[in-house]
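# What the coordinates show
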Amino acid sequence: MTSRWFQSLVEDLLEIARSDAGASPVVIETVSAVELVRQSVRSAAQHHGLNAPPIEIAEDVGDPLVNVDRRRFERVMSNLIDNAHHYAG
C-alpha cells in the first residue's frame, strides 16, 4: 500500500468522525445526477492518475435531479474508482 492511499484512508476516517460529531456541515444541493456522476468520475480518475472510464447513460433515464452533498459524493466516487483500480485492475 502506498502512503498516498493510507493518507486518503485517514482523511476519510477523520471526515466521518467530524461528520458524526456535527463538526463538518452537510451541504445539500439539487443537481443533475448525470452531470454529477460525470464530474465525479472525471475528478476521481484524475486524482488517481487514471483515464476516466466511459460513462454510458441509457436514453430513457433522462436527467434526474438529486439532493446530495456534492463533496461527499465525489469522495465516494473517488473511493470506488480507487478500489476498482487496486482490486479489479
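These numbers were taken from a predicted model, which means no experiment stands behind them.

### Some remarks on the overall build of the protein
Summing up its helical and strand segments, the protein has three helices and two strands in all. In the protein, the succession of helices and strands from N to C terminus is α-β-α-β-α. The C-alpha extent of the protein, read off along each of the three principal axes, is 40 × 35 × 15 Å. The 89 residues of the protein split such that 25% are buried. A separation threshold of at least 6 residues defines the contact pool for the protein, and within that pool the share at least 24 residues apart is 86%.

### Structural notes on the environment of Glu59
You can see Glu59 is positioned in the loop between helix H2 (33-47) and strand S2 (65-69). For Glu59 and His48, which are 11 residues apart along the polypeptide, the C-alpha to C-alpha distance reads 29 Å.

### Considering a nonpolar patch on the surface
Together, Phe6, Leu9, Val10, Leu13, Leu14 and Ile16 make up a nonpolar patch on the protein surface, roughly 540 Å² of accessible area in all. Within the fold, Leu13 resides in helix H1 (residues 3-21).

### Section: helix H3 (residues 70-88)
In this model, H3 (19 residues) spans 26 Å end to end at C-alpha, consistent with the 27 Å of a helix rising 1.5 Å per residue. Where H3 begins, the side chain of Asp69 points an oxygen toward the backbone nitrogen of Arg71, at a separation of 3.2 Å.

### Here we look at the pattern of salt bridges
By the definition in use, this model includes three salt bridges. Taking the shortest distance from any N to any O, the salt bridge between Arg70 and Glu29 comes out at 3.6 Å. With Arg70 in helix H3 and Glu29 in strand S1 (residues 28-32), this residue pair connects regions lying 41 residues apart in the sequence. Its relative accessible area of 26% is what places Arg70 among the partly exposed residues. Between Asp69 and Arg72 there is a salt bridge; the shortest N-O distance is 3.0 Å. Accessibility assignment for this pair places Asp69 and Arg72 in one class, buried.

The rules behind the values
All residue numbers here refer to positions counted from 1 along the written sequence of the relevant chain. Local features in this predicted model are restricted to residues whose pLDDT is 70 or higher, and side-chain atom pairs enter the listing and the counts only when it is 80 or higher, whereas totals over whole chains, interfaces and linings include all residues. Computation of side-chain values covers all heavy atoms of the structure but excludes hydrogens and water. Secondary structure elements follow DSSP: runs of H or I of four or more residues count as helices, runs of E of two or more count as strands, with numbering from the N terminus. The cut-offs for exposure are 20% and 50% of the maximum accessible area for each residue type, with area from a 1.4 Å probe on protein chains only; residues under the lower value are buried, those over the upper are exposed, and the others partly exposed. Should any heavy atoms of two residues lie within 4.5 Å, those residues are considered in contact. Only residues whose relative accessible area exceeds 30% and that take part in no salt bridge are eligible for patches, with like-charged residues grouped when within 9 Å of each other and nonpolar side chains (Val, Leu, Ile, Met, Phe, Trp, Tyr) grouped when within 5 Å. Surface accessibility follows the Shrake-Rupley procedure with a 1.4 Å probe radius. Residue values consider only the protein chains on display as shielding. For this document, the term salt bridge refers to a Lys or Arg side-chain nitrogen within 4 Å of an Asp or Glu carboxyl oxygen. To estimate how far a helix should reach, multiply one less than its number of residues by 1.5 Å. A 3.5 Å cut-off defines polar contacts: any pair of N or O atoms within that distance qualifies, except that in protein one atom must be a possible hydrogen donor and the other a possible acceptor, and neighbouring residues in sequence count only when both atoms are side-chain atoms.

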